[in-house]
Amino acid sequence: MKHLLSIADLSREEILEILDTAVSMHEVQHRDVKKLPTLRGRTIINFFFEDSTRTRSSFEIAGKWLSADTINLTGKGTSVSKGESLRDTVKTIDAMGVDMMIVRHMASGAPAQIAQWTRCSIVNAGDGTHEHPSQALLDAYTMRQRLGDLEGRHVALVGDLTHSRVFRSNVLCLTTLGAKVTLVAPATLMPAGIGPWAAREGLEISHDLDAVLPTVDAVMMLRVQRERMSGGYFPTAREYAVTYGLTKDRLGLLPDHAVICHPGPMNRGLEISGDAADAAQSLVLDQVSAGVAVRMSILYHLLSGEGSAA
Amino acid sequence: MCPARDQAPQRATDETGGRVVLAQAEIARALRRIAHEILEGNKGSEGLVLMGIPTRGVPLARRLSEALHDVEGVDIPVGTLDITMYRDDLRSQPVRAMERSEVPDGGVDGKVVVLVDDVLYSGRTVRAALDSLADLGRPRAVRLAVLVDRGHRELPIRADYVGKNLPTAHAERVSVRLAESDGADEVVISTPGGEGR
């Protein structure tokens, strides 16, 4: 494994290996000395062309806890804003001899393109509406902590599927792990042409959240991306909350053992009510905590082992 | 000729053609002796903590704890110490799975920590274990107990308690099998077709 660009590149065994290692990494989080010497001397650049709190900070913490040197670059305040091309920026950083770039970019496919231009390892930290593999891995990790093996489990992904890279990575990750996935969204927020893909992957499609909730083991509420909501996808936020939000009333429809996930940041009162976000079944903060452990595991798998980038 | 070799002819062989150098009763006897030596060296069981190094060191540490209980009637805390992340060969070997480290309640600060492993060879595992332990706390003293010392040290490290000193050639392989993980207790020495470690 040299790059992490898409969950589609990972086998079931590789996913499980990353998740199992993350369990041990999680233990380090509770130590007084949160430091392992594993990636000493390695340099990791966090290259974020889009805003991020949890992904960027957890990748940075993960790198630091493994003793790598981590540096943050954003689109703003770099030569990108002076008009330098992406290729030249990447080549420049590559020439400094870094070992890994963790890339978030608004264009789908940018990390895969960057991987062609450099010899360092590339981690896709979210590209456009394509994928967000580390998020899917930490979601699977969090669900496994609570539910055990995901084989045969039923997970509903609810909300703005059109714009969600989290949803795309999660479908690939969950189905590879043997879970049954149901997609719930208003027709306007279902990606165009999803039918044949859903049929091939064995995904259920529903527009009725109330009918799906009683059958799930986990429900993942996806953020309504206000910054991409210029196209009139639903009449009002209020109507969306009533038909597709995880409201206090809908909490009662969930089976007792079922868990609630949200990749964050949450729009409380829109796709998820405060009651649901703070319920005992909510794993929102567990997801954040798992984020560091899973990302440590990703960095370890990409930057150690025979023939890892020098 | 070393004593281990002299005994070789009347020794049993395992199904893969290896020579059995320690059988079940001898492993049990060695652990019992080590338990006595630990108590003697420590002048009692005060402050003792056993830390097993995965994989085989973990069940050995548990057995040592049982042996100490039999002798002294005390329960010595047992933990595990995973050293994967502290290895010095991470970049020249395939990626290794990381195991869990578990520190017993009470921690290791101010304790006498006895590291327990199956085979002492190059000493690099112990070097990694010492680094790993330092990140978990500051023991008053650290000791090393191994079931087999096969020589060929590459670092200035020695064991305090040894089940059996086993002179070997580099090419030979020493396999410690334990009932917990392998179905039976035995230590086997074999010569694989030139692979070795």
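How each quantity is defined
Residues numbered from 1 in each chain as written. Chains lettered and ligands numbered in written order. Predicted model: local features only at pLDDT ≥ 70, side-chain atom pairs only at ≥ 80, totals over all residues. Heavy atoms only, no water. Buried < 20%, exposed > 50% of the residue type's maximum accessible area, 1.4 Å probe, protein only. Helix = DSSP H or I, 4+ residues; strand = E, 2+ residues; numbered from the N terminus. Arc of directions from axis to C-beta. Contact = heavy atoms within 4.5 Å. Salt bridge = Lys/Arg side-chain N within 4 Å of Asp/Glu carboxyl O. Phe/Tyr/Trp six-rings, centres within 6.5 Å; stacked < 30°, edge-to-face > 60°. Lys NZ or Arg CZ within 6 Å of the ring centre and 35° of its normal. Pairing = 2+ DSSP bridges. Right-handed = clockwise from strand over helix to strand, strands pointing away. 1 Å grid on protein atoms, 1.4 Å probe; cavity = no way out; pocket = protein on both sides within 12 Å on 5 of 7 lines; lining within 4 Å. Points joined across faces, edges and corners; volume = space filled by probe spheres on them. Nonpolar A, V, L, I, M, F, W, Y, C, P; charged D, E, K, R; others polar. Domains from an automatic or database assignment. Axes fitted to C-alpha atoms, helices over the stretch in contact; angles between N-to-C directions.

Peer 1: Can you walk me through helix 9 (residues 237–244) of chain A in this structure?
Peer 2: Given 3.6 residues to a turn, an α-helix orients residues that are three or four positions apart in the same direction. All names here are of chain A. When we look at burial in helix 9, the residues that qualify are Tyr240, Ala241 and Tyr244. Buried residues of helix 9, viewed axially, fall in a sector of 105 degrees; they line one side. Elements in contact with the buried residues of helix 9: strand 5 (154–158), strand 6 (180–184), helix 8 (209–212), strand 8 (218–221) and helix 10 (248–251).

Peer 1: Got a minute to help me understand the pattern of salt bridges in this structure?
Peer 2: Side-chain pairs of opposite charge can arise whenever the charged atoms involved come near each other. Throughout the structure, instances matching the rule amount to 22 salt bridges over all chains. Notably, a salt bridge pairs Lys64(A) with Glu60(A), separated by 3.5 Å at the nearest N-O pair. Here Lys64(A) and its partner Glu60(A) are both found in helix 2 (residues 54–65), four residues apart, which amounts to about one turn of the helix. Using a relative accessible area of 34% as the deciding quantity, one classes Lys64(A) as partly exposed. Linking Asp210(A) and Arg250(A) is a salt bridge whose minimum nitrogen-to-oxygen distance equals 2.5 Å. Here Asp210(A) is found in helix 8, whereas its partner Arg250(A) is found in helix 10, with 40 residues between them in sequence. Classification of Arg250(A) as buried rests on a relative accessible area of 9%. Shared partners join several salt bridges into a network, and the residues in it are Arg63(B), Glu180(B) and Asp185(B).

Peer 1: What exactly am I supposed to notice about the packing of aromatic side chains here?
Peer 2: Any two aromatic rings considered together are summarised by their centre-to-centre distance and by the angle between their planes. Scanning all chains against the criterion turns up four aromatic pairs over all chains. Aromatic side chains Phe47(A) and Phe49(A) sit 4.6 Å apart centroid to centroid with 35 degrees between the ring planes, which places their arrangement in the tilted category. Residue classification places Phe47(A) among the buried positions, given a relative accessible area of 0%. Aromatic pair Phe167(A) and Trp197(A): ring centres 6.2 Å apart, planes at 85 degrees, arrangement edge-to-face. Taken as a pair, Phe167(A) in helix 6 (residues 165–176) and Trp197(A) in helix 7 (residues 194–201) lie far apart in primary sequence, 30 residues in all. Residue class for Phe167(A) comes out buried when judged on its relative accessible area of 1%. Members of the aromatic cluster, each reached through a chain of ring pairs, are Phe234(A), Tyr240(A) and Tyr244(A). Note that Arg295(A) overlies the ring of Phe59(A), its terminal NZ or CZ placed 4.9 Å from the centroid. Seen from the ring of Tyr121(B), Arg150(B) lies directly overhead, with NZ or CZ sitting 3.9 Å from the centre.

Peer 1: Please explain the pairing of strand 5 (residues 141–149) of chain B as it appears in this structure.
Peer 2: Regular strands show a simple pattern: their side chains alternate between the two faces of the sheet. Residues and elements named next belong to chain B. Of all the nine residues making up strand 5, seven are buried; the element is thus mostly covered by neighbouring parts of the structure. Note that strand 4 (residues 112–120) and strand 5 share eight bridges and pair parallel. Of the residues in strand 5, the one forming a bridge with Val112 is Ala141. For the handedness criterion, the β-α-β arrangement of strand 4, helix 4 (residues 124–136) and strand 5 is classed as right-handed. The pairing of strand 5 with strand 6 (residues 161–165) spans four bridges and is parallel. The partner of Val146 across the bridge, within strand 6, is Val162.

Peer 1: Is there a simple way to explain the layout of surface pockets in this structure?
Peer 2: Here the idea is plain: a probe the size of a water molecule rolls over the atoms and shows the empty space left. All names here are of chain A. Its boundaries defined by the atoms lining it, the second largest pocket holds a volume of some 430 Å³. Along the walls of the second largest pocket sit 21 residues, with Arg104, Arg165, Arg223, Gly264 and Pro265 positioned nearest its centre. Counting residues per element, the ones that place at least two in the lining of the second largest pocket are helix 2 and helix 6. Here the lining of the second largest pocket is composed, by residue class, of four nonpolar, nine polar and eight charged. Here the lining of the second largest pocket spans two domains, since at least three of its residues come from each of domain 1 (7–132 + 290–303) and domain 2 (134–287).

Peer 1: What should I look at first to understand the sheet that holds strand 2 (residues 69–74) of chain A in this one?
Peer 2: Hydrogen bonds along the backbone pair up the strands of a sheet, which may run parallel or antiparallel. Residues and elements named next belong to chain A. Spatially, the four strands line up as an open sheet ordered 2-1-3-4, and their pairing is parallel. Of all the strands in the sheet, just strand 2 and strand 4 (121–127) have a single pairing partner and so form its edges. Within this sheet the neighbouring strands show an average axis-to-axis angle of 15 degrees, counted without direction. By the bridge criterion, six bridges tie strand 1 (residues 43–48) to strand 2 in an arrangement that is parallel. When the sheet's bridge partners are listed, Phe47 is paired in strand 2 with Leu73. Relative to the sheet, helix 4 (residues 110–117) contacts strand 3 (100–105) and strand 4, its axis offset from that of strand 4 by approximately 160 degrees.

Everything listed here is a matter of coordinates, which is why it stays silent on function.
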